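# Observations on the three-dimensional arrangement
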Amino acid sequence: MTTNPFGRVITAMVTPMHPDGSLDETGLRAVVEHLLANGHDGIVVNGTTGESATLTDDESIAAVRLAKEAAGDRAAITAGVGSNDTAHSILMAERAAEAGADALLLVSPYYNKPTQAGLLAHCRAVADSTELPIMLYDIPGRTGTPFDTATLVELASHPRIAAVKDAKADLWASTHVMAATDLLWFSGDDVLTLAHLAQGAVGCVSVVGHVAGKEYAAMVAAVDAGDLAGAREIHERLIPVVDAIMTTSQGAIMAKAALVELGVIESAFVRLPLVESPPEHLDILRKGLAGSGLA
């Protein structure tokens, strides 16, 4: 199996902000420390949950730098550099490396809907431009363009394309790629983490991991030990909080609200077009945290 430079229990970290919308550097460091104290050996910065779509380039790079300074060698920092402009992704890959990123997350280009040949060319161009290992991010529900199985098999031959964050919700396609390549596989969907682990994924890139990192670490360990019953018990115990964070409204909104509830950050501010949770959603969140034994 390919050496894993990403970690196994990973959260796509929120980007804390002050109520005026500016980057909360103290809050960002606090979230990193919280994750490291709760089972994580990897963190994704500037992913979807980090509100990458509304961060400036300079803010994105500042977040990478701050996260790496806080984590040091205690966890791998994977920087999201995805864009629907290949030249921009290459620039951000270069800047993320300079800021200390250990690896890169590359989502399929969104909105312009490239062909599979375009996906191949895009990913290869970014991978050719960097020395860092790359995790591809397959989430067609957001991008409009899935990575076809044949495309992933072909990309696996690139020496720096090492992993896939799978949020496509097609377990059979996943198993085809895992069987045909040595790509490291990560669940990118908290609802399907146990299913992915059971069929060979090495870990998860979670949103619910903001509040359930130790539980996901225990789930990974249980699957490693062949204890599927134990892993299933954890999976079932997390149902209330997964529902609360992932299906109530939107992951970044609910993850920030959860971190405020736990006292990790002071503000749940999200940038438009996202808006903060209304009281009825916060009530669902509190019940979900309590129902999973996390509050």
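Keep in mind that what you see is a predicted model, and the values were worked out from it rather than measured. (Residues numbered from 1 in each chain as written. Predicted model: local features only at pLDDT ≥ 70, side-chain atom pairs only at ≥ 80, totals over all residues. Heavy atoms only, no water.)

## Overview of the overall build of the chain
Counting its secondary structure elements, the chain contains 13 helices and 8 strands. Based on the C-alpha atoms only, the size of the chain along its principal axes is roughly 45 × 45 × 35 Å. Evaluated residue by residue, the chain yields a buried proportion of 56% over its 295 residues. On the chain, roughly 11600 Å² of surface is accessible, and the fraction owed to carbon and sulfur atoms is 54%. With 19 positive and 36 negative side-chain charges, the chain shows a separation of 1 Å between the mean positions of the two kinds. (Helix = DSSP H or I, 4+ residues; strand = E, 2+ residues; numbered from the N terminus. Buried < 20%, exposed > 50% of the residue type's maximum accessible area, 1.4 Å probe, protein only. Areas by Shrake-Rupley, 256 points an atom, 1.4 Å probe, with all protein chains shown as cover. Lys, Arg positive; Asp, Glu negative; His and termini not counted. Charge placed at Lys NZ, Arg CZ, Asp CG, Glu CD.)

## Concerning the layout of surface pockets
When its volume is computed, the largest pocket comes out at roughly 680 Å³. Taken together, 29 residues form the lining of the largest pocket, with Thr 48, Glu 51, Ser 52, Ala 53 and Tyr 110 sitting closest to its centre. Classifying every residue of the lining of the largest pocket by side-chain character gives 12 nonpolar, 13 polar and 4 charged. The computed volume of the second largest pocket comes to approximately 350 Å³. Along the walls of the second largest pocket sit 20 residues, with Ile 139, Arg 142, Gly 188, Val 207 and Met 246 positioned nearest its centre. In terms of residue class, the lining of the second largest pocket is made up of 9 nonpolar, 7 polar and 4 charged. (1 Å grid on protein atoms, 1.4 Å probe; cavity = no way out; pocket = protein on both sides within 12 Å on 5 of 7 lines; lining within 4 Å. Points joined across faces, edges and corners; volume = space filled by probe spheres on them. Nonpolar A, V, L, I, M, F, W, Y, C, P; charged D, E, K, R; others polar.)

## Structural notes on the environment of Thr 56
The topology assignment puts Thr 56 in the loop between β2 (42-45) and α2 (57-71). It is 23 Å that separates the C-alpha atoms of Thr 56 and Ala 257, two residues lying 201 residues apart in sequence.

## Topic: helix α4 (residues 116-128)
Working note: α-helix, 3.6 residues per turn, so residues spaced by three or four point in the same direction. When the terminal C-alpha atoms of α4 are compared, their 18 Å separation across 13 residues agrees well with the 18 Å that a helix rising 1.5 Å per residue should span. Leu 119, Leu 120, His 122, Cys 123, Val 126 and Ala 127 are the residues of α4 that are buried. Buried residues of α4, seen end-on, are gathered within an arc of 165° and therefore sit on one face of the element. In α4, those exposed residues whose orientation departs by more than 90 degrees from the buried face are Ala 117 and Asp 128. Here the buried face of α4 lies against α3 (86-98), β4 (103-107), β5 (134-138), α6 (149-155) and β6 (161-166). (Expected span 1.5 Å × (residues − 1). Arc of directions from axis to C-beta. Contact = heavy atoms within 4.5 Å.)

## Focus: the sheet that holds strand β8 (residues 203-206)
Strand pairing in a sheet relies on backbone hydrogen bonds. The paired strands run either parallel or antiparallel. Reading around the barrel, the 8 strands line up as β1-β2-β3-β4-β5-β6-β7-β8 and close back on themselves, with parallel pairing between neighbours. Each strand axis lies, on average, 25° off the axis of its neighbour in the sheet, ignoring direction. Contacts between α2 and the sheet are confined to β2 and β3 (76-80), with β3 contributing the most and set at about 175° to the helix. (Pairing = 2+ DSSP bridges. Axes fitted to C-alpha atoms, helices over the stretch in contact; angles between N-to-C directions.)

## Thoughts on the UniProt feature "site: Part of a proton relay during catalysis" (unreviewed entry) in the chain
Following the UniProt record, one finds the feature "site: Part of a proton relay during catalysis" (unreviewed entry) at Thr 48 and Tyr 111. Lining the largest pocket, from the residues just named, are Thr 48. Relative to the helices and strands, Thr 48 resides in the loop between β2 and α2. Structurally, Tyr 111 can be placed in the loop between β4 and α4. Those residues in contact with Tyr 111 that lie beyond four places of it in its chain are Asn 84 and Thr 143. (UniProt positions renumbered as here; feature names shortened; annotations may be inferred.)

## Observations regarding the packing of aromatic side chains
By convention here, two paired aromatic rings are described through the distance between centres and the angle between planes. In total, this model carries 1 aromatic pair according to the counting rule given. Between Lys 165 and the ring centre of Tyr 137, over which it is positioned, the NZ or CZ distance is 4.0 Å. (Phe/Tyr/Trp six-rings, centres within 6.5 Å; stacked < 30°, edge-to-face > 60°. Lys NZ or Arg CZ within 6 Å of the ring centre and 35° of its normal.)

## A few points about the pattern of salt bridges
Tallied over the full model, the rule gives 12 salt bridges. With a closest N to O distance of 2.9 Å, Arg 95 and Asp 58 form a salt bridge. Within this pair, whereas Arg 95 is found in helix α3, its partner Asp 58 is found in helix α2, the two being separated by 37 residues in sequence. Judged by relative accessible area, Arg 95 falls into the partly exposed class, the value being 26%. On the basis of relative accessibility, which here comes to 52%, the residue Asp 58 falls in the exposed class. Between Lys 287 and Asp 283 there is a salt bridge, with its nearest N and O atoms 3.2 Å apart. In this pair, Lys 287 and Asp 283 both sit in helix α13 (residues 279-291), 4 residues apart, roughly one turn of the helix. (Salt bridge = Lys/Arg side-chain N within 4 Å of Asp/Glu carboxyl O.)

## Some remarks on unusual backbone geometry
Cis peptide bonds are those with omega within 30 degrees of zero, and the linkage from Leu 272 to Pro 273 qualifies with 15°. Within the secondary structure layout, Pro 273 lies in the loop between α12 (251-261) and α13. Positive phi, close to 70°, is recorded for Tyr 111, a residue that is not glycine. Residue classification places Tyr 111 among the exposed positions, given a relative accessible area of 73%. Of note, the phi angle at Lys 113 is positive, near 50°, even though the residue is not glycine. Relative to the helices and strands, Lys 113 resides in the loop between β4 and α4.

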